[in-house]
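# Structural description and commentary
So you can see what is in the structure, the chains are spelled out below.
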Amino acid sequence: MAQAKTLTEKELKKVLIYISLRKHASRNRAMLLLTHWAGMRVGEVAALRIGDVVATDGSIKAEIRLSPEQTKGRHARTVFLGERLRKELAVYVATLKRPLPERPLFYTQKRSGFTANTLCQHFYHLYRQVGIDGASSHSGRRSFITNLANKGVGVRVLMALAGHRNIGTTQAYIDVNDAMQRAAVDLV
């Protein structure tokens, strides 16, 4: 099976513009950006509760502490949220009618919250409607890791941010491109 496409900044902007013109724009934007700007897996995003992201004072936490039940490998991990992402999440949380800590962070129209499968399908259809071939629910995570690698973040830091237990897994996520290779030879 081919790896999910990594998105360019231009492609991500195209998806975000498309989202902004549709129903549930703030919810869909927040879900997508958690994958692109925090490297979260779709299953982790679906498993989020309001209390995982919103502090008791109503502010957005700088770190999300995922329990083993919320992660793929059943290993607790911490997801760090940058300032831009915290602002995006604050916009979304402000739209919630009853933000009780134990409730799912993201709701569907038909049920209380997304499952990993329904969120995978949601992203698949979203990328397809925008016309980005090869993109899937894993594209945000791959884009996150590749973008940080392009900016010189070391593979051990990337491994920790991704919650991987094997450095080889992290290396497989990094999409090597011509720009990276040009920049590398210019270092000589």
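Below you will find a few notes about this structure. Keep in mind the model is a prediction, meaning the values are calculated, not measured. (Residues numbered from 1 in each chain as written. Predicted model: local features only at pLDDT ≥ 70, side-chain atom pairs only at ≥ 80, totals over all residues. Heavy atoms only, no water.)

### Notes on the overall build of the chain
Of regular secondary structure, the chain possesses 10 helices and two strands. Ordering the α and β elements of the chain from the N terminus gives α-α-α-α-β-β-α-α-α-α-α-α. With the C-alpha coordinates of the chain rotated into their principal frame, the extents come out at 55 × 35 × 30 Å. In the chain, which comprises 188 residues, the share counted as buried stands at 41%. Here the analysis covers contacts within the chain between residues at least 6 apart in sequence; of these, 62% occur between residues at least 24 apart. Counting every atom, the chain has about 10,700 Å² of accessible surface; 54% of that belongs to carbon and sulfur. Seen as two clouds, the 30 positive and the 14 negative side-chain charges of the chain have centres 6 Å apart. (Helix = DSSP H or I, 4+ residues; strand = E, 2+ residues; numbered from the N terminus. Buried < 20%, exposed > 50% of the residue type's maximum accessible area, 1.4 Å probe, protein only. Contact = heavy atoms within 4.5 Å. Areas by Shrake-Rupley, 256 points an atom, 1.4 Å probe, with all protein chains shown as cover. Lys, Arg positive; Asp, Glu negative; His and termini not counted. Charge placed at Lys NZ, Arg CZ, Asp CG, Glu CD.)

### Notes on the pairing of strand β2 (residues 77-80)
Alternating positions in β2 separate cleanly, Arg77 and Val79 being buried on one face and Thr78 and Phe80 remaining unburied on the opposite face. Inspection of the sheet shows strand β1 (residues 63-66) paired to β2 by four bridges, in the antiparallel sense. The residue bridging glutamate 63 from the neighbouring strand is phenylalanine 80, located in β2. (Pairing = 2+ DSSP bridges.)

### Remarks on unusual backbone geometry
One non-glycine residue with positive phi stands out, namely histidine 24, at about 60°. Looking at the secondary structure, you find histidine 24 in the loop between α1 (9-20) and α2 (25-38). Of note, the phi angle at arginine 74 is positive, near 60°, even though the residue is not glycine. Of note, arginine 74 is situated in the loop between β1 and β2. Classification of arginine 74 by relative accessible area gives exposed; the value is 54%.

### Thoughts on the packing of aromatic side chains
Under the defined criterion, the tally for this structure stands at two aromatic pairs. Here arginine 84 stacks its cationic end above the ring of tryptophan 37, 3.8 Å away from the centre of that ring. (Phe/Tyr/Trp six-rings, centres within 6.5 Å; stacked < 30°, edge-to-face > 60°. Lys NZ or Arg CZ within 6 Å of the ring centre and 35° of its normal.)

### Considering the pattern of salt bridges
Counted by the stated rule, this structure contains six salt bridges. Among the salt bridges present, the one from glutamate 44 reaches arginine 41, with a minimum N-O distance of 2.9 Å. Here arginine 86 and glutamate 83 are joined by a salt bridge, their closest N and O atoms 2.5 Å apart. Here glutamate 83 and arginine 86 lie together in helix α5 (residues 83-93), a separation of three residues that amounts to about one turn. When salt bridges with common partners are traced through the structure, they connect Arg41, Glu44 and Arg77 into a single cluster. (Salt bridge = Lys/Arg side-chain N within 4 Å of Asp/Glu carboxyl O.)

### Things to note about the packing of α2 against helix α7 (residues 139-150)
Between α2 and α7, whose axes approach to 6 Å, the crossing angle comes to 30°. One element, α2, and the other, α7, form an angle in the roughly parallel class. When α2 is examined against α7, the residues Thr35, His36, Trp37 and Ala38 are found in contact with a partner set consisting of Ser139, Gly140, Arg141, Ser143 and Phe144. When the residues that make up the contact of α2 with α7 are grouped by side-chain class, the tally is three nonpolar, five polar and one charged. (Axes fitted to C-alpha atoms, helices over the stretch in contact; angles between N-to-C directions. Parallel < 35°, antiparallel > 145°, perpendicular 65-115°, else oblique. Nonpolar A, V, L, I, M, F, W, Y, C, P; charged D, E, K, R; others polar.)

### Overview of the side chain of arginine 77
For arginine 77, the location among the structural elements is in strand β2. Engagement of the side chain of arginine 77 in a polar contact is seen with the side chain of glutamate 44, the distance being 2.8 Å. The contact partners of arginine 77, leaving out residues within four places of it in the chain, are Gly39, Met40, Arg41, Glu44, Ile64, Arg65, Leu66, Thr71, Arg141, Leu161, Ala162 and Gly163. (Polar contact = N/O pair within 3.5 Å; in protein donor to acceptor, adjacent residues only side chain to side chain.)

### Here's the deal with helix α6 (residues 116-130)
End to end, α6 covers 21 Å across 15 residues, agreeing with the expected 21 Å (1.5 Å per residue, within 8%). Those residues of α6 that fall on the buried side of the exposure criterion are Leu119, Phe123, Leu126, Tyr127 and Val130. For α6, the buried positions fall inside an angular range of 90° around the axis, keeping them on one side. In α6, the exposed positions that point more than 90 degrees away from the buried face belong to Arg128 and Gln129. Those residues of α6 that are buried are in contact with α1, α2, α3 (42-47) and α7. Once α6 finishes, glycine 131 follows within two positions and takes phi at roughly 90°, a positive value. (Expected span 1.5 Å × (residues − 1). Arc of directions from axis to C-beta.)

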